[in-house]
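# Analysis of the macromolecular model
Residue strings, one per chain:
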Number of protein chains: 2
Amino acid sequence: QPSDPGKEEEDPWQDEEYFGNYGTLRLHREMLSDRPRTEAYRQVILTNSPHLRGKVVMDLGCGTGIISLFCARLAQPKAVFAVEASSIAEHTKTLVRQNGCEEVVTVFQCRAEELSLPSRVDVLVSEWMGNCLLFEFMVESVLQSRDRWLKEGGMMWPSGATVCLVPCQAGSYYAETMCFWEQLYGLDFTALQPLAQMEFFSRPRFSHLLQPEDCLATPCDVINLDMLSLQVTDLEELNGQFIFAVEKAGMFHGFTSWFRVQFQNLDRDGTTLELDTGPYSEPTHWKQTLFMLDHPVPLVGGETVSGNILLHRNPVWRRHMTITIQWSISSTEDAENCQVQTKSFPMWR
Amino acid sequence: QPSDPGKEEEDPWQDEEYFGNYGTLRLHREMLSDRPRTEAYRQVILTNSPHLRGKVVMDLGCGTGIISLFCARLAQPKAVFAVEASSIAEHTKTLVRQNGCEEVVTVFQCRAEELSLPSRVDVLVSEWMGNCLLFEFMVESVLQSRDRWLKEGGMMWPSGATVCLVPCQAGSYYAETMCFWEQLYGLDFTALQPLAQMEFFSRPRFSHLLQPEDCLATPCDVINLDMLSLQVTDLEELNGQFIFAVEKAGMFHGFTSWFRVQFQNLDRDGTTLELDTGPYSEPTHWKQTLFMLDHPVPLVGGETVSGNILLHRNPVWRRHMTITIQWSISSTEDAENCQVQTKSFPMWR
Ligand SMILES: [Ca+2]
Ligand SMILES: [Ca+2]
């Protein structure tokens, strides 16, 4: 029976698009240019180098192989299995050879699900994080690989991950998306403002660089994930709570989110390293993610903004999720008037 | 007979994508923020205002209607027909009303080809220019509308268009695309340079901002179009010649292209206005378009770079073209050694 020609068979994982992008150098250049990210992994390898001796490491989604090469160059692992599904993998093999690491590093060009390794591994290292930590859900492949390939008592890098949130000002973004549509060349363009709100505020804004002075409160850790115990089914719905004490007067334009990841030391007494993609650290290629309210709320300082955030994975489009933020503002002046607001942000479908 | 479900029926004009984009505010904001572009049209209306009195004007692809509103506010035309195919048109109607121009300006939400107007027009104004002047080939709709709706002896704005070219340096682009893949974190990444050449140099680079000091010669007008006599069939292949006298020593990384458009005055004695999107003028949202050679050539100054440029419209994908540049470098020192080189740049397919 012929299928309906008008109805495309679309892949809910959109793998062709996803891995297609990672076959281009543009993305790899962006990741390699990101010093805080790349140096964090380099430091993890370097710091753990004594304990990596003779160990088997898996580098999932290795890209150009930078982490695998760090392992081979900065430590003496027995073997590194570098796994990459996109077409960059062919070039990664050349890079491994040209850097004299072919004795230690083996590149497997396949999807994690199709992987067949010669042995289990002691360490599973991966740079799987996306916008708001989870976007694109590469983490699912990491968890499946952990369950299939990581030895009992093995290590995950990152070993933990945290989603952070802060209520914030976003004055210049508000100006360029909303105030823009006022007077232009002597004409009244305000008729387009409802359209602007729809277009610019209904989805999160990726690549937002939050200025520390635009934070209206001390950021809050809203979700904590332990990479050794996290289950794939946990990813369907992740919930977090927040209570922010507003520290200064300002315009409450929205919330900004980012993440931190932790790298536990192989030596139980060693220090845990951390990569922080927030506004108080050097910017990374993830920058931060901005969630705009429909209308800004002036705050005088002293209010409490409390509520919760829900990351709800799209049941069809498996790389997407919707983030719902529920919040209320209570002021000491007017403790009665404390309306609960909700806004849902598809990311991306 | 059912069609092959694997073979999508794709629109060679990609109208859904094309008009879909113009339904978003992001693009309109970019165009309205472009002062040199918008002010050029405003000046044309203002300068011609005495002769626009009682005239009928058609504004093709009016977008938010800015040019039509300029006509209604700055002159006294009998009528302005504002034509827009994308969904922004519904909002354009509101803008026209809110600016009190509904007596003069009528918005037609349809494609140029489906247009039915109450009368012919005295002036056809349109902002149809794309990258390298022709990309996206909106100009075809303009020419068809001219043949169908412009009165005998009517005016086209722009009335003429010129494609410009210059041999240039592009040191920082070369550094970030090619030199980037050398030493990274103490590792050798040169294996990726052939891939980088493919990815970054095989298509033109849009939105390049050419610095005047990176021009190696005086720019050349390579193609001139007269908008009153130009035929749709002329667009299939447009050819231009160039001879550049290299004025200084530098690295010849490629060619940069841009355009100028002219606006003839309705008064035969009036001055022609011009919008110049080149490196010696204030940058516009088009910026310039860079064509990288596969390998840079060091020049000492005094050489001649001569050749030709061919804009070949894609016979299938009607909004696309391939630009082929053929050139040779002859030096007074070594007049014998004058090899002809050719490179073709798909734009976009
Ligand atoms: Ca990533
Ligand atoms: Ca245009």
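See the structure above.
Note that this is a predicted model, so its numbers are computed, not measured.

A few words now on the nonpolar core. One finds Trp181(A), Trp128(B), Leu133(B), Leu134(B), Trp157(B), Phe242(B) and Phe255(B) to be the most contacted residues of the largest nonpolar core, which totals 121 residues. Once residues within four sequence positions are removed from consideration, Leu134(B) is found in contact with Trp128(B), Val139(B), Leu225(B), Leu235(B), Leu238(B), Leu311(B) and Met321(B). The next biggest cluster of nonpolar side chains, apart from the first, holds 118 residues, and it includes Phe81(A), Leu95(A), Val139(A) and Phe345(A).

Listed per partner, the contact involves 44 residues of chain B and 44 residues of chain A. Interface area for chain B against chain A, summed over the two sides, is near 3800 Å², with a carbon-plus-sulfur share of 69%. Where chain B touches chain A, the interface holds zero salt bridges. Contributing elements (two or more residues each) for the side of chain B that touches chain A: α2 (25-33), α3 (35-47), α5 (66-74), α6 (89-98), α8 (171-179), β8 (187-188) and α9 (193-201) of chain B. Among the elements that line the side of chain B that touches chain A, the one with the most residues is α2(B), at six residues. Residues that form the side of chain B that touches chain A fall into these classes: 20 nonpolar, 13 polar and 11 charged.

Residue and element names in this part refer to chain A. Overall, antiparallel pairing links the four strands, which are arranged β11-β15-β16-β17 in an open sheet. Sheet topology places β11 (237-245) and β17 (340-347) at the edges, where each strand pairs with a single neighbour. Recorded for the sheet is a direction-independent mean angle of 15° between the axes of neighbouring strands.

All right, on to the packing of helix α9 (residues 193-201) of chain A against α2(B) then. Direction vectors running N to C along α9(A) and α2(B) enclose 110°, while the axes themselves pass 10 Å from each other. By the angle between their axes, α9(A) is roughly perpendicular relative to α2(B). Residues Leu195(A), Ala196(A), Glu199(A) and Phe200(A) of α9(A) pack against Leu25(B), Arg26(B) and Arg29(B) of α2(B). Tallied by class, the residues present in the contact of α9(A) with α2(B) amount to four nonpolar, no polar and three charged.

As a further point, take the coordination of the calcium ion (ligand 1). The calcium ion (ligand 1) binds to the protein through Glu127(A) (OE) and Met129(A) (O); the donor distances cover 2.8 to 3.0 Å. Residue classification places Met129(A) among the buried positions, given a relative accessible area of 6%.

How each quantity is defined
- Residues numbered from 1 in each chain as written.
- Chains lettered and ligands numbered in written order.
- Predicted model: local features only at pLDDT ≥ 70, side-chain atom pairs only at ≥ 80, totals over all residues.
- Heavy atoms only, no water.
- Core = buried A, V, L, I, M, F, W, Y, C linked by side-chain atoms within 4.5 Å.
- Buried < 20%, exposed > 50% of the residue type's maximum accessible area, 1.4 Å probe, protein only.
- Contact = heavy atoms within 4.5 Å.
- Buried area = accessible area lost by both parts, 1.4 Å probe.
- Salt bridge = Lys/Arg side-chain N within 4 Å of Asp/Glu carboxyl O.
- Helix = DSSP H or I, 4+ residues; strand = E, 2+ residues; numbered from the N terminus.
- Nonpolar A, V, L, I, M, F, W, Y, C, P; charged D, E, K, R; others polar.
- Pairing = 2+ DSSP bridges.
- Axes fitted to C-alpha atoms, helices over the stretch in contact; angles between N-to-C directions.
- Parallel < 35°, antiparallel > 145°, perpendicular 65-115°, else oblique.
- Donors = N, O, S within 2.8 Å, 3.2 Å for Na, K, Ca; no water.

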